[in-house]
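Descriptive structure summary
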Amino acid sequence: MYVSRTMTVSPDRVYVRVMQTDRRDTSIAPRDLLIALGVAIVQVVGSIGANHNQSWATPLDAAGVVLLVCGPLALIVRRRFPVTVLLVVLAVTALYVARGYGYGPVFLSLVVAFLGAATAGSRWLTYPVLAIGYVLIVFAVPAVSPAESPSFPALTGIAAWLLVLLAAAEIIRQRRGMLDARRQRAEAAERGALEEQRRRASEERLAIARELHDVLAHSLSLINVQASVALELWDSRPSSRRRRCRRSRSRAATRSATSMRCSRRCGEARAARRSRPPPGSGTWTVWSNAPAPQVSR
């Protein structure tokens, strides 16, 4: 299981979305053990019955049972070593046939190993193994062992089933490729949305900083004008100079606080609209990391 975290930044909040997506891994899953156990049971039980129905076959002994179990045991690690497991299962199956045991479901583990290797590995490494195994088990092994050579209809049927197996492996590969491409497009869309949110957050901070700069500049200009007027009236009207200075200071402070308050409220309104979590699946957690400035009256 692959966990991806997407962070959405706004001027005063940070949203983190946790999404879980499936990714192929090489760890041993419980279903791998179940598959290996099922294949082992089918091979052992089915081979016992198939051996009795073939008069030329060597009676199934302990060595044959061990060979029937070795293939499913190798399937447990097929996700980590797909090609190696395929070669091991092929060797075990060829040895089973070479000892003269009857044909039966012994090829089931070989089918599972081939599908696992063909869908996870390279075609150039796995597809030729199918042809090599066909020639080895159908022609080479019966020529040097007590195993009976298959008839021509049996050879044709086996070749047809191998083509079906090859087509099934290709279909699985194509489906996995489509799923991977879809997941990559989804991740690219998430990254694009994240970059867009960051860009909007930067623009919002820049706009707020610009507004604060304009408010402070206006307040300083107002203070400068009021101070100049006070200096001009300092000598001409001594009786009202203290009252005019207090009035100028009060007006400058009131206008500055009003402008700051309006700028803060506009910024908070824009931030509230942009800080809403976008729709989508996942778990959202909110942290407040930029509290609004307090303006004292």
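What counts, and at which threshold
Residues numbered from 1 in each chain as written. Predicted model: local features only at pLDDT ≥ 70, side-chain atom pairs only at ≥ 80, totals over all residues. Heavy atoms only, no water. Phe/Tyr/Trp six-rings, centres within 6.5 Å; stacked < 30°, edge-to-face > 60°. Helix = DSSP H or I, 4+ residues; strand = E, 2+ residues; numbered from the N terminus. Core = buried A, V, L, I, M, F, W, Y, C linked by side-chain atoms within 4.5 Å. Buried < 20%, exposed > 50% of the residue type's maximum accessible area, 1.4 Å probe, protein only. Contact = heavy atoms within 4.5 Å. Expected span 1.5 Å × (residues − 1). Salt bridge = Lys/Arg side-chain N within 4 Å of Asp/Glu carboxyl O. Patch = residues over 30% accessible without salt bridge, like charges linked within 9 Å, V, L, I, M, F, W, Y side chains within 5 Å. Areas by Shrake-Rupley, 256 points an atom, 1.4 Å probe, with all protein chains shown as cover. Axes fitted to C-alpha atoms, helices over the stretch in contact; angles between N-to-C directions. Parallel < 35°, antiparallel > 145°, perpendicular 65-115°, else oblique. Left-handed = near helix turned anticlockwise from the far one by under 90°. Bend = angle between axes of the 7 residues up to and from the residue. Polar contact = N/O pair within 3.5 Å; in protein donor to acceptor, adjacent residues only side chain to side chain. pLDDT = per-residue confidence, 0-100.

Within the structure shown, the criterion is met by four aromatic pairs. Ring plane angle 40° and centroid distance 6.2 Å describe the contact between F114 and Y127, whose orientation is recorded as tilted. Residue F114 is found in helix α4 (residues 108-120), and its partner Y127 is found in helix α5 (residues 123-143); the two are separated by 13 residues along the sequence.

What follows covers the nonpolar core. Counting residues in each nonpolar core, the largest one holds 30 residues, and the members touching the most others are L75, L86, V89, Y96 and F114. Of all elements in the fold, only α1 (30-52), α2 (62-74), α3 (82-98), α4, α5 and α6 (152-236) reach the threshold of two or more residues within this core. At eight residues, α3 tops the list of elements feeding residues into this core. Look past the residues within four positions of Y96 in its chain and what remains in contact with it is S47, L60, G64, L67, L68, Y101, G102 and V106.

We now examine α3. If you check α3, its first and last C-alpha atoms are 24 Å apart, about what 17 residues at 1.5 Å a residue would give, namely 24 Å. Within α3 the residues assigned to the buried category are P82, V85, L86, V89, L90, V92, T93, A94, Y96 and V97. Here the buried face of α3 lies against α1, α2, α4 and α5. Following α3 by one or two positions, G100 adopts a phi angle in the positive range, close to 90°.

Inspection of the entire model under this criterion finds nine salt bridges. Between R79 and D32 there is a salt bridge; the shortest N-O distance is 3.0 Å. Here the residue R79 occupies a position in the loop between α2 and α3, and D32 occupies one in helix α1, the gap between them amounting to 47 residues. The exposure class assigned to D32 is buried, which follows from its relative accessible area of 0%. Linked through salt bridges whose partners overlap, the residues forming this network are E196, R199, R200 and E203.

This brings us to a nonpolar patch on the surface. Taken together, the side chains of L37, I41 and V45 make up a nonpolar region of the molecular surface, amounting to roughly 290 Å² of accessible area. By the secondary structure assignment, I41 is in helix α1.

At a closest axis distance of 9 Å, the pairing of α2 and α3 adopts a crossing angle of 165°. Between α2 and α3, the crossing angle belongs to the class labelled roughly antiparallel. The two elements α2 and α3 cross, and the hand of that crossing is left-handed. Where α2 approaches α3, its residues G64, L67, L68, C70, G71 and A74 are matched on the opposing element by V85, V88, V89, V92, L95 and Y96.

Now for α5. The terminal C-alpha atoms of α5 lie 29 Å apart, and with 21 residues this matches the ideal 30 Å at 1.5 Å per residue to within 8%. Of all the bends found along α5, the most pronounced is centred on L136 and spans about 35°. Looking only at α5, the buried set comprises T126, Y127, V129, L130, G133, Y134, I137, V138, V141 and P142.

Mapped onto the elements of the fold, Q54 is located in the loop between α1 and α2. By relative accessible area, which is 18% here, Q54 ends up buried. A polar contact is formed between the side chain of Q54 and the backbone oxygen of A50, at a distance of 3.4 Å. Q54 has contacts with G102 and Y103, leaving out every residue within four places of it along the chain.

To continue, consider the confidence of the model for the protein chain. Reading predicted coordinates in detail is not appropriate for stretches of low pLDDT. Residues at a pLDDT of 70 or more form 67% of the protein chain, whose mean pLDDT is 76. Confidence, expressed as mean pLDDT per element, reaches its minimum in the protein chain at strand β2 (residues 13-21) with 41 and its maximum at α2 with 92. Note that residues 1-23 has pLDDT below 50 and, in this model, 79 contacts with residues that lie over four places away or in other chains. Here residues 280-297 is modelled with pLDDT under 50, and outside its nearest four sequence neighbours on either side it reaches 38 contacts, counting other chains as well.

Inspection of the secondary structure puts N51 in helix α1. Separated by 2.7 Å, the side chain of N51 and the backbone nitrogen of G102 make a polar contact.

Here A98 is to be found in helix α3. Under the relative-accessibility criterion, A98 is labelled partly exposed at 27%. The spatial distance from the C-alpha of A98 to the C-alpha of P142 is 6.9 Å, given a sequence separation of 44 residues. In contact with A98, other than residues within four places in its own chain, are V141, S145 and P146.

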